Amino acid sequence: MNIIKFEDLPISDDIKRAVIEMGFEEPSPIQSQSIPVILSGKDVIGQAQTGTGKTAAFSIPLLEMINPEEKNVQAVVLCPTRELAIQVSTEIRKIGKYMHGIKSLPVYGGQPIERQIKALKSGVQIVIGTPGRVIDHINRKTLKMDNVKMVILDEADEMLNMGFIDDMEEIMKSIPEERQTMLFSATMPPQIKKLSKKYLKEDAKHVAIARKELTGSTITQNYFEVNGSQRLEALCRLIDLDNPSAGIIFCRTKKGVDELVASMQAKGYMVEGMHGDMSQIQRIKTLNKFKNGSLKFLVATDVAARGIDVDGVTHVFNYELPQDIESYVHRIGRTGRAGREGTAYSIITPKEFGFLKQIKNVTKSNIERKQVPTVQEIYNAKFKIMTEEVSSIIEAEDYSKFVDIATELTQTHDSVKVIASLLQSQFKNQLSFDYSSDKLESPAKVKGDDVRLFFSAGRRDGLTIKTLISYIKNNAKVGASQIRDIDIMENFAFVNVDNSIHRQVLEKCTGGKINKRRVNVEVSTNNKKKSRNRNRKSKNN
Ligand code: ADP
Ligand code: MG
C-alpha cells in the first residue's frame, strides 16, 4: 500500500502546520482514506478500530469546508456524552488553530445554558454537542439549523441506538436535506447500519479500514475465571501484580460502579467513578484528575467511557463482561491507543464463559486464560521491581545521604538482617488488599464431579435426548458415558457432564447449530432438575 503523507492531501497549510504541531507524522489509514471522500462532498460511514484517529478524520475536512466568511452554524457534530463532546471540540480547536475566522463551540447539558446562548450568538460555525442540549437550543431558537451543511455522528452506532434514536430523529428533521452526513465508529452492527441508510444518501461511501482483528492487536487480552464473590479480590490481585499507572475498570451498571468505587476506596486504591448520574462538574473533575495522573483508576459504565481518549491508559479491566460484543471492543479500545501497547483483563464467572467465547469468535481476538496471581507471585513481582530500582540507585551512586546511617546500622547488626528489616518496613504496606490465602480458590463447581450445563435449545427446536447426546459427542469429542441427567425443556435443556470435560463441552458446543438454532451453552447455577428464569439482559445504564 502506498503511504500517503499529509502533504499529499488536498488540505490547507494552516491545517498541515497544526497537525504536525500535534505530533501527527502521517495520516492514519482512516484519515488518508476518508478525508478525500469527505472533501468530495459524499456521505460517509467511516469505520476503523478504536484509537486510530477517527476524530481528525472528520475534523480536518470539516474545518476545510467551513466558509469563514459566513457567521452561521454550518456543521454539527453529535456525541453521546459531554466528555466526548468536549474532547472532540478540543481536537477541532487544535486542528483549526491557525485558521482565521472559524469558531467552534461545545454544547452539553450541565453547563449553564445562558453562557452557551451568548457564545452561539457570537457567530459560531461548528457546534459539537450532545443530543439533549442540541434539541434544547433548537427549541429555544438559539441554534439555527437552516444553514447546516454537514452533520457528523461520532460513535455513530451508539447515537443510533435505542437511547438516542428519538433525539437523533428530531435533530435530523431540523437539518436541510441537502446536507452531507458522516457516521464514524469502530463498530457498526448490521441492524444499525441498516437503520443508518435512512439518514444517508444513496451514493454514501463506506470507508472501512480492513484489519485482521476487530480489536487492536497491540492489546494483550486475558481472562480470569472466578466465583462471583471473588471478583473484587481477583481485581485487586491483578492490580497489585501489574501496578498499572492508569487503568479503566468497567461495570455494567451505575450501581455497580458506585459499589465498586466504595469497596476499592475502602482498600486504599486511588479510584473514582464515572457514570451518567453524576453531576457534570463531578464528571469533568474526575476525568481531568485521571488525565493528569493524580487518579490512577477510573471505574466507568460503557456509555460514560465511549470514545474517551486518555493518553497512557495501560490497563482495561472488565470487572463484569459488557452486555454486547461491540461494547467489549469499545472498552478495550481505551488502551493501546495510537499504536501503543495495552493490557485488557476480563474477570468472568463460569456462567459467563459461553459469552466470552462468543466475544472471542466475533472479534477474532486471542483472549487467553490465565490464573489469578497468588500472593507470592504478587510479592515476587514487587521484589523484582525493587531489586531493579536498588541496582539502578547503586549504579547512579544516588545514596550518599544515607551512608552514615547505613554504616551505623551495620556496625551494630548483621548487614543481611538490616536489609531484610528495611524490606519488611518497606513492604508491609504494599498490598492494599488483606489477602486471606496465597491462592484464590477455583470457582465452585456444581455438585461433586458433575457440572450442570445449560443449552439454549429445547423441545420447540426438535431437541431430543438422543440428538443432544450426539451433538455433544460430535462437537466436543467426548464419550456418551460422560454425559448424563439430561432434561429437555420447551425452550432449553440441561445436562450434566464430568467436571474434567465441561470446559471442552462449553468451548466446542457454543455457537454450533441444533436443527437450525444457534445454541449458547453456559454453566448452570441452579440445582439439578430445576429450570430457571432466563433474564440476563437487564439494561440499566
Ligand atoms: P478514535 O476516535 O479512532 O478512537 P481518536 O480520534 O480519539 O481515536 O485518536 C486517538 C489518539 O490518536 C488521539 O490522541 C489523537 O490525537 C491521536 N492521533 C490521531 N491521528 C493521529 C495521527 N495521524 N498520528 C498520530 N496520532 C494521531
Ligand atoms: Mg473517537
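Placed above this text is the structure.
Cut-offs used in this document
- Residues numbered from 1 in each chain as written.
- Chains lettered and ligands numbered in written order.
- Predicted model: local features only at pLDDT ≥ 70, side-chain atom pairs only at ≥ 80, totals over all residues.
- Heavy atoms only, no water.
- Helix = DSSP H or I, 4+ residues; strand = E, 2+ residues; numbered from the N terminus.
- Buried < 20%, exposed > 50% of the residue type's maximum accessible area, 1.4 Å probe, protein only.
- Contact = heavy atoms within 4.5 Å.
- Areas by Shrake-Rupley, 256 points an atom, 1.4 Å probe, with all protein chains shown as cover.
- Core = buried A, V, L, I, M, F, W, Y, C linked by side-chain atoms within 4.5 Å.
- Near = heavy atom within 4 Å.
- Polar contact = N/O pair within 3.5 Å; in protein donor to acceptor, adjacent residues only side chain to side chain.
- Nonpolar A, V, L, I, M, F, W, Y, C, P; charged D, E, K, R; others polar.
- Pairing = 2+ DSSP bridges.
- Axes fitted to C-alpha atoms, helices over the stretch in contact; angles between N-to-C directions.
- Parallel < 35°, antiparallel > 145°, perpendicular 65-115°, else oblique.
- Left-handed = near helix turned anticlockwise from the far one by under 90°.
- Disulfide = S-S within 2.5 Å.

A. Geometry of the overall build of the protein chain. The helix and strand inventory of the protein chain stands at 20 helices and 20 strands. Overall, the C-alpha framework of the protein chain stretches about 85 × 75 × 50 Å when taken along its three principal axes. Residues classed as buried in the protein chain amount to 51% of the 541 residues present. Of the contacts made within the protein chain by residues no fewer than 6 positions apart, 75% connect residues no fewer than 24 positions apart. Carbon and sulfur atoms make up 49% of the accessible area of the protein chain, which totals about 26,100 Å².

B. Up close: unusual backbone geometry. The phi dihedral of Asp-485 is positive, around 50°, even though this residue is not glycine. Residue position: Asp-485 is located in strand 16 (residues 483-488). Residue Asp-485 is classed as partly exposed on the basis of its relative accessible area of 28%. You will see that Lys-516, though not glycine, has its phi angle at about 75°, which is positive. Summarising the element assignment, Lys-516 is placed in the loop between strand 18 (513-514) and strand 19 (517-518).

C. Seen up close, the nonpolar core. Leu-453, Phe-455, Leu-468, Ile-472, Val-495, Val-505 and Cys-509 are the most contacted members of the largest nonpolar core, which has 37 residues in total. The residues contacting Ile-472, other than those within four sequence positions of it, are Phe-455, Lys-477, Val-478, Ile-483, Val-495, Val-505 and Cys-509. One finds Val-37, Ile-38, Ile-60 and Met-182 within the second-largest nonpolar core, a separate group that totals 36 residues.

D. Fine view of the site of ligand 1. Looking at ligand 1, there are 16 residues lining it, with Gln-31, Gly-51, Lys-54, Thr-55 and Asp-309 nearest. Within the backbone of Gly-51, an N or O atom sits 2.7 Å from an oxygen atom of ligand 1. Contact between ligand 1 and Lys-54: an oxygen atom at 2.8 Å from a side-chain N or O atom of the residue. Burial of ligand 1 by the protein chains amounts to 84% of its free accessible area of 570 Å². Across the shell around ligand 1, the residue classes break down as three nonpolar, eight polar and five charged.

E. Seen up close, the sheet that holds strand 1 (residues 44-47). Pairing is parallel in the open sheet, where seven strands are placed in the order 3-4-2-5-6-1-7. Only two strands of the sheet have a single neighbouring strand rather than two, namely strand 3 (104-107) and strand 7 (205-208). Neighbour to neighbour, the strand axes of the sheet diverge by 15° on average, direction disregarded. In this structure, strand 1 lies alongside strand 7, joined through four bridges in parallel fashion. Counterpart to Val-44 in the pairing with strand 7 is Lys-205.

F. Inspection of the side chain of Thr-349 at higher detail. When you line up the elements, Thr-349 lands in the loop between strand 13 (342-348) and helix 15 (353-363). By relative accessible area, Thr-349 is classed as buried at 11%. When residues no more than four places from it in sequence are discounted, the contact partners of Thr-349 are Glu-225, Val-226, Asn-227, Gly-228 and Arg-231.

G. Up close: the environment of Lys-428. Summarising the element assignment, Lys-428 is placed in the loop between helix 18 (415-427) and strand 15 (450-455). Here Lys-428 falls in the exposed class, since its relative accessible area comes to 56%. Each C-alpha atom of the pair Lys-428 and Met-264 lies 19 Å from the other, and the pair is 164 residues apart in sequence.

H. Here's a closer look at the packing of helix 10 (residues 231-242) against helix 11 (residues 254-266). Contact pair helix 10 / helix 11: the axes reach a minimum separation of 12 Å and the direction vectors enclose 55°. Relative to helix 11, helix 10 is oriented oblique. As for how helix 10 packs across helix 11, the hand of that crossing is right-handed. Contacts between helix 10 and helix 11 involve Leu-232, Leu-235 and Ile-239 from the former and Leu-260, Ser-263 and Met-264 from the latter.

I. Molecular detail of the state of the cysteines. Within this structure, the stated rule accounts for zero disulfides. Between Cys-236, a cysteine without a disulfide, and Cys-251, which holds the nearest cysteine sulfur, the sulfur-to-sulfur distance is 12 Å. For Cys-236, a relative accessible area of 0% corresponds to the buried category.

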